Each structure stands twice: as structure tokens, then as C-alpha cells.
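# Overview (structure and organization)
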Amino acid sequence: MQHPHTSTTSPVHHPHTGTTSPVHHPRPDLPAPRTSRRGRRTGRLAALAAAVSAVFGLTTLGGPAAHGADNPFERGPAPTESSIEALRGPYAVSETTVSRLAVSGFGGGTIYYPTSTADGTFGAVAVSPGYTGTQSSISWLGPRLASQGFVVFTIDTLTTLDQPDSRGNQLLAALDYLTSSSSVRGRIDSTRLGVMGHSMGGGGTLEAAKTRPSLQAAIPLTPWNLDKTWPEIRTPTLIFGADGDTIAPVATHAEPFYSTLPSSLDRAYLELNGATHFTPNTSNTTIAKYSVSWLKRFIDNDTRYEQFLCPLPRPSLTIEEYRGNCPHTG
């Protein structure tokens, strides 16, 4: 895979104008004009300033991080529609397996992370599967999100039958392991963390955000939970529903979850068109596109991604409905 931090520049060609100017040659029979000491000093200062400016210009060109001067958390090049829909982002990704025997509070999992350390630390996201599911059911999110500039931990739960409140605690335990004990802890900014999950893992995502309001982003995917109201949540939350969901129908799950979030919160509801409860279990461009945008916007505070969230996306072949508040304030 191409190294994500290598960039090249091409020389810019300026077409010839076709005009000429007279060239003035000094007459050899006349003495050369004298330059004042002040003029020589001014010239030297101007040349020095030009040199410094040129060096500064070179150091700010290219470089994949392209960190914004006002936002040290920006990672990667400026996004485009195609870049956030791509199967892979600009970062090469490595992965490491975490045995359930080596951790406590959750069932182990797989960590996906940008291979290079040239850009400094990254935000991190823990992802939970749903009822009876294992990490394999949400594993596609690992490399897809990590390649956009995140450390992603797809976890197994203690048992496949764990309920949402337990899954919420396990997501938090996974984040704590990531930032304090994992082999990649040095690559993570522990102040920039988020949670995701499918089905009961989506319900667990809401539980985790309720328990730990310092989280920067939460993304429940076709979530299921017996608790229907979430006014306590303070974490920017994007909820995915599916129009064909018969296991966690949007009318009794995703929609009331969204509508009971505080109206002042940065929140959004995206209902997938032609989708089922299990749509998040396979690679999905719409889920990836808006998840990347949400995580970038709120974990990295990267306003370059606001364009994909505001104005609100309109219904399409893949979006049945989208609700939310714009512009975002977080």
C-alpha cells in the first residue's frame, strides 16, 4: 500500500507572454553609479526576508498531515466526496489482535491503526457488535475508519448475549485499555475518544455516552435498547436507522432515541433506504461516509468535514431521511 504521508509536487508552467522589454546596458565610458550604505543594507534585508519567506513556503507545502494552524487535530489531506466514500483513506493501516485473556471488562478484539507516526497522535473509537454477534460482524469498520486517521478497536463482548448496559461498560473498558495498556497507547490522544456499536451494541453506545459525557462522538447503528429516552447525553451523536428494520424498528428505537436527545446537542438521525437491521454488518458506503464525517468533525474538531453534514443531506437512493441541527456548534 502506498505510504500515506508521501506527497509530490509538480512544477507549474507559466506560458510566455510574447512581449519583450528593452535591455539597458551601462556605458563603459561612465562610472558605475554608487549605492548608498542604507540602500545596500535595505537590499540585504529584503533578500533575507525573501529567503525566509521561501523557506517558510516550502515547509508549509505538501505534507499529508496539513495540520490547520488553528486546529492541531486535523489529520490527512482536505476531504472530497470521493475520499470519504473510498474503501480506504490516505493512511496505511496495521492491526494487532488482543486476546480476551489479556484484558478485563470486555472480550478482547482487534486494533486497527495508522502505520505511520509522522502525524502524531490520533483519536480512537471502540466498536461493539450486536446481540449474538462477534467482532467479525463489524470488522469492516476497522480498516475503513483507521485509514482515515483513527485508532479503531473492534471488540468481542464478554458473552454474545450481553445486554446494552453491559456493552456500554465494555466499550468504556476497551477505551481505557486502548489508552492505558495497549501496545498502541502512545499513538492515541486520550482526550479524543468515541464509541460505535450495532444493535444492542448501538444501545450500548448510548449507554457509554450517558456514562462518560467526555466522549467526543457516539454513533449507534440500528440500535436496540429498552430505554427509549436519552436526555442525559452530552456527546455529539449520529444515529443510523434502517427503513426495513423489523428487529429494532425505527419507530420504537432509533427515532425516539434521536428525538429525546437534547435539542441543543449536536445530533443527527440518518435512516438508510432499502436497508435492514443487519445492513451495518457488511461494508456500506453511506454508513462509512457519514461516520467518517461525524468522527472527523467531532473527535478531531475538523470543520473541513462540516460540508458533508451541513446542509443536511437530502433523501436519495440510499438515504430515506436525514434529520439534524445545522450548523454544528461543537
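Residues numbered from 1 in each chain as written. Predicted model: local features only at pLDDT ≥ 70, side-chain atom pairs only at ≥ 80, totals over all residues. Heavy atoms only, no water.

Attention now moves to the packing of aromatic side chains. For the coordinates displayed, the defined rule picks out nine aromatic pairs. Measuring from centroid to centroid gives 5.5 Å for Tyr 91 and Phe 122, while their planes differ by 85 degrees, and the two rings are edge-to-face. Here Tyr 91, found in the loop between α2 (81–85) and β1 (93–98), pairs with Phe 122, found in strand β3 (residues 122–128); they are 31 residues apart in sequence, far enough to count as distant. Tyr 91 gets classed as buried once you look at its relative accessible area, which sits at 1%. Every member of this aromatic cluster is reached through a ring pair, and the members are Phe 106, Phe 153 and Tyr 177. Over the aromatic face of Tyr 258 sits the side chain of Arg 267, whose NZ or CZ is 4.6 Å from the ring centroid. (Phe/Tyr/Trp six-rings, centres within 6.5 Å; stacked < 30°, edge-to-face > 60°. Helix = DSSP H or I, 4+ residues; strand = E, 2+ residues; numbered from the N terminus. Buried < 20%, exposed > 50% of the residue type's maximum accessible area, 1.4 Å probe, protein only. Lys NZ or Arg CZ within 6 Å of the ring centre and 35° of its normal.)

This paragraph deals with unusual backbone geometry. Cis geometry marks the peptide bond from Cys 310 to Pro 311; its omega dihedral reads -5 degrees. Across the junction of Cys 326 and Pro 327, the peptide omega takes the value -5 degrees, indicating a cis bond. Tracing the chain through its elements places Pro 327 in the segment after β9 (319–324). One non-glycine residue, Thr 132, lies in positive phi territory at about 65 degrees. Its place among the elements puts Thr 132 in the loop between β3 and α3 (141–146). The phi angle at Asn 301 is positive, at roughly 55 degrees, despite the residue not being glycine. Along the chain, Asn 301 falls in the loop between α7 (285–299) and β9.

Our focus in this paragraph is the nonpolar core. The biggest cluster of nonpolar side chains holds 38 residues, and the ones touching the most others in it are Phe 106, Ile 111, Val 151, Phe 153 and Leu 178. When residues of this core are traced back to their parent elements, those giving at least two are β2 (109–114), β3, β4 (150–155), α4 (164–180), β5 (188–198), α5 (200–211) and α6 (254–259). Per-element tally for this core: the top contributor is α4, with seven residues. Filtering out sequence-adjacent residues up to four positions away, Phe 153 remains in contact with Val 98, Phe 106, Gly 108, Gly 109, Thr 110, Ile 111, Val 125, Ala 126, Val 127, Ala 174, Tyr 177 and Leu 178. (Core = buried A, V, L, I, M, F, W, Y, C linked by side-chain atoms within 4.5 Å. Contact = heavy atoms within 4.5 Å.)

Now for the state of the cysteines. By the definition in use, this model includes one disulfide. Across the disulfide, Cys 310 is cross-linked to Cys 326 (sulfur-sulfur distance 2.0 Å). In this structure the cystine formed by Cys 310 and Cys 326 twists about its S-S bond by roughly -85 degrees; its chirality is therefore left-handed. Of this pair, Cys 310 sits in the loop between α7 and β9 while Cys 326 sits in the segment after β9, and the two are 16 residues apart along the sequence. The class for Cys 310 is buried, based on a relative accessible area of 14%. (Disulfide = S-S within 2.5 Å.)

Turning our attention to α4. Structural remark: α-helix, 3.6 residues per turn; residues separated by three or four positions point the same way. A rise of 1.5 Å per residue sets the reference length of α4, with its 17 residues, at 24 Å; its end C-alpha atoms lie 24 Å apart and thus fit the reference within 8%. Within the sequence span of α4, burial applies to Pro 164, Arg 167, Gly 168, Gln 170, Leu 171, Leu 172, Ala 173, Ala 174, Leu 175, Tyr 177 and Leu 178. (Expected span 1.5 Å × (residues − 1).)

Along the polypeptide, Ser 116 turns up in the loop between β2 and β3. Only 3.0 Å separates the side chain of Ser 116 from the backbone nitrogen of Ala 118, close enough to count as a polar contact. (Polar contact = N/O pair within 3.5 Å; in protein donor to acceptor, adjacent residues only side chain to side chain.)

Among the six residues in strand β7 (residues 237–242), six count as buried, and that is most of the element. Of the two faces of β7, the one lined by Thr 237, Ile 239 and Gly 241 and the one lined by Leu 238, Phe 240 and Ala 242 are each fully buried. Here strand β6 (residues 217–221) runs beside β7; their pairing, made up of two bridges, is parallel. Bridge pairing in β7 places Leu 221 opposite Phe 240. (Pairing = 2+ DSSP bridges.)

It is worth spelling out the pairing of β4 at this point. Where burial is concerned, most of β4 is hidden: six out of the six residues are buried. Taking every second residue as pointing to the same face, both faces of β4 are buried, with Phe 150, Val 152 and Thr 154 on one and Val 151, Phe 153 and Ile 155 on the other. Looking at chain direction, β3 and β4 are connected through five bridges and run parallel. Across the sheet, the residue bridging to Ala 124 is Val 151, located in β4. Chirality of the crossover, the property in question, places the unit of β3, α3 and β4 among those that are right-handed. (Right-handed = clockwise from strand over helix to strand, strands pointing away.)

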